[in-house]
Amino acid sequence: MQEDVYEVTTAPLVQSALLGVSATVMSCGHARSGRSYTLFGGRDYATRGVVHRALHTLFTGIAASSGVRRFGINISFVLLRGEELQDLLATGEEESVKPTVVMDGDGYPVWKGVTRRPCDTEEQALEALLTGLHAPQQGQGHRLFSISLEQYGVSEEDAETRSARLVFVDLIGPCKITGRGKEERLYVHAINRSLSSLEQVVLCLSKDNGSDEKGNHIPFRESKLTTILKGSIGGRCLTTVIAHLHPLHGDVESYLTTLQFVARIRRVPVTPFVNVVCSPEIKVRQLERQVAELQAELRLQHQLTSGDASASSLLSQDERAVLLGRIQSFLRGDSPGVKMGSVREIQPAFFYLKEEIEQRDATIEAQRAELQALREGLQQPVTQETKKGKKSASRAPKAVIYAPNELDESAGLSFGRRPNKPKS
């Protein structure tokens, strides 16, 4: 059952994250409806949740692309209780830092003061997940498990950096305030208010409300939950909602609330977008290389106009060595052709090709002369041995074989028996 839920709801989102598209999986439902079980699973391997399976798929895809791209993964795990954040991965001095949410220059949320644990293997990621699940929690609330994925090019020419974020939200349902203490009622009231704000945001983002109009206001700042989820619901982010309804629960109103929320979020438009950023360091090196090539072209133009365009003045010593290596690779058959970096490499390339061909011709001529001398040295001994062989062959007795039709009947010879003696 867990595997089927993962394959239908989450597996496509993990593949999209490997391509650079952010995604969100929201598990919603009331108490004892199975929403946490769907995300984080049971106690045995067969019932592991979609988060465990997503980590396995993620690191399997990374291993398959290790020769093409470099990956970096950071994991965060927080609990949102009312309007307060708790870092579930904080240890030691990190526990004294109060986490909060701030907006970056583009207006998207940043988790400030929250642990970002780097994970290079699937085992490290599962360890971070289990650490957050078994961390002492201050109370019930929404749990958010975030995977930040960044991938870089292996070669220096590939300056493209892709970043994606995969967020799993364990969204608690509306809670009843009756029968609780004063402090607990404040948290429950904050949870219910955050859910109302989320429904309002979803309603504003839905197609029916004209969310594509520029003047439409989206109340993301009404609660910390909606502030955190800004950029994670619709728009450039793929969104999947897994609704849970308890079959033995008799509260029909809770069923309707969950189904209405899912129906509204289904109408939120989604336009997947690959988050691509060029690495500044690699971009600077590429620009420096382009500047060097342009300066070389200017020197070539100056030499051509001034009449001083000798081959030795066009290329530096390192450039000549690189060009010679390309020509030798071409002559060995390792490459289909000689790649020219610029026009000024054409004339030296012809000179190098001429020198290589002349050297190879001289080597072939020397080998040919050596082979001819070897043949002339071996010719006389071979002739004498041949004559000796002929003389010995003339002294050897000759064997005559008769065919049946060639027998001399007059001599009394017959095939297969001795000739008869003549009668006296």
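None of the values given here were measured: they were computed from a predicted structure.

Novice: Give me the overall build of the protein: which residues, what numbers.
Specialist: Within the protein one finds 12 helices and 10 strands. Buried positions account for 37% of the 424 residues belonging to the protein. Sequence separation of at least 24 residues holds for 69% of the intrachain contacts in the protein that already meet a minimum separation of 6. Taken as a whole, the protein presents about 26500 Å² of accessible surface, with 54% of it coming from carbon and sulfur.

Novice: Tell me about the pattern of salt bridges, and name the residues and values.
Specialist: The final tally for this structure, using the stated rule, is 5 salt bridges. Residues E199 and R264 are paired through a salt bridge, measuring 3.6 Å at the closest nitrogen-oxygen approach. In this pair, E199 is assigned in helix α6 (residues 182–205) and R264 in helix α8 (residues 252–265), connecting sequence segments 65 residues apart. Taking the relative accessible area as the measure of exposure, R264 reaches 25% and is therefore partly exposed. Across the salt bridge formed by E365 and R368, the nearest N and O atoms sit 3.8 Å from each other.

Novice: Please give an account of the packing of helix α1 (residues 2–9) against helix α2 (residues 11–19) that cites residues and values.
Specialist: Two numbers describe how α1 lies on α2: the axes approach to 4 Å, and their chain directions differ by 45°. Relative to α2, the element α1 is oriented oblique. Across the interface between the two elements, Y6, E7, V8 and T9 of α1 pack against A11, P12, L13 and V14 of α2. When the residues that make up the contact of α1 with α2 are grouped by side-chain class, the tally is 6 nonpolar, 1 polar and 1 charged.

Novice: Which residues make up the side chain of R69, and what values do they have?
Specialist: By the secondary structure assignment, R69 is in strand β2 (residues 69–81). A polar contact of 3.4 Å, which involves the side chain of R69, links it to the backbone oxygen of Q151.

Novice: Please provide a residue-by-residue account of empty space enclosed by the protein, values included.
Specialist: Scanning the model with the defined rule gives 3 cavities of 30 Å³ or more in all. Counted as a void, the largest cavity has a volume near 130 Å³. Taken together, C28, G29, H30, L171, I172, G173, P174, L195, E199, T257, T258 and F261 form the lining of the largest cavity. Where the lining of the largest cavity is concerned, the elements lending two or more residues are β1 (23–29), β8 (160–172), α6 and α8. The element that contributes the greatest number of residues to the lining of the largest cavity is α8, accounting for 3 residues. Residue composition of the lining of the largest cavity, grouped by class: 6 nonpolar, 5 polar and 1 charged. Its boundaries defined by the atoms lining it, the second largest cavity holds a volume of some 50 Å³.

Novice: Summarise the confidence of the model for the protein; cite the residues concerned and give the values.
Specialist: For the protein, per-residue confidence averages 80 on the pLDDT scale, and residues scoring 70 or more make up 80% of the total. Ignoring residues within four places in sequence, the model shows residues 396–417, a span with pLDDT below 50, making 11 contacts including any to other chains.

Here is what the cut-offs are and how they apply
- Residues numbered from 1 in each chain as written.
- Predicted model: local features only at pLDDT ≥ 70, side-chain atom pairs only at ≥ 80, totals over all residues.
- Heavy atoms only, no water.
- Helix = DSSP H or I, 4+ residues; strand = E, 2+ residues; numbered from the N terminus.
- Buried < 20%, exposed > 50% of the residue type's maximum accessible area, 1.4 Å probe, protein only.
- Contact = heavy atoms within 4.5 Å.
- Areas by Shrake-Rupley, 256 points an atom, 1.4 Å probe, with all protein chains shown as cover.
- Salt bridge = Lys/Arg side-chain N within 4 Å of Asp/Glu carboxyl O.
- Axes fitted to C-alpha atoms, helices over the stretch in contact; angles between N-to-C directions.
- Parallel < 35°, antiparallel > 145°, perpendicular 65-115°, else oblique.
- Nonpolar A, V, L, I, M, F, W, Y, C, P; charged D, E, K, R; others polar.
- Polar contact = N/O pair within 3.5 Å; in protein donor to acceptor, adjacent residues only side chain to side chain.
- 1 Å grid on protein atoms, 1.4 Å probe; cavity = no way out; pocket = protein on both sides within 12 Å on 5 of 7 lines; lining within 4 Å.
- Points joined across faces, edges and corners; volume = space filled by probe spheres on them.
- pLDDT = per-residue confidence, 0-100.

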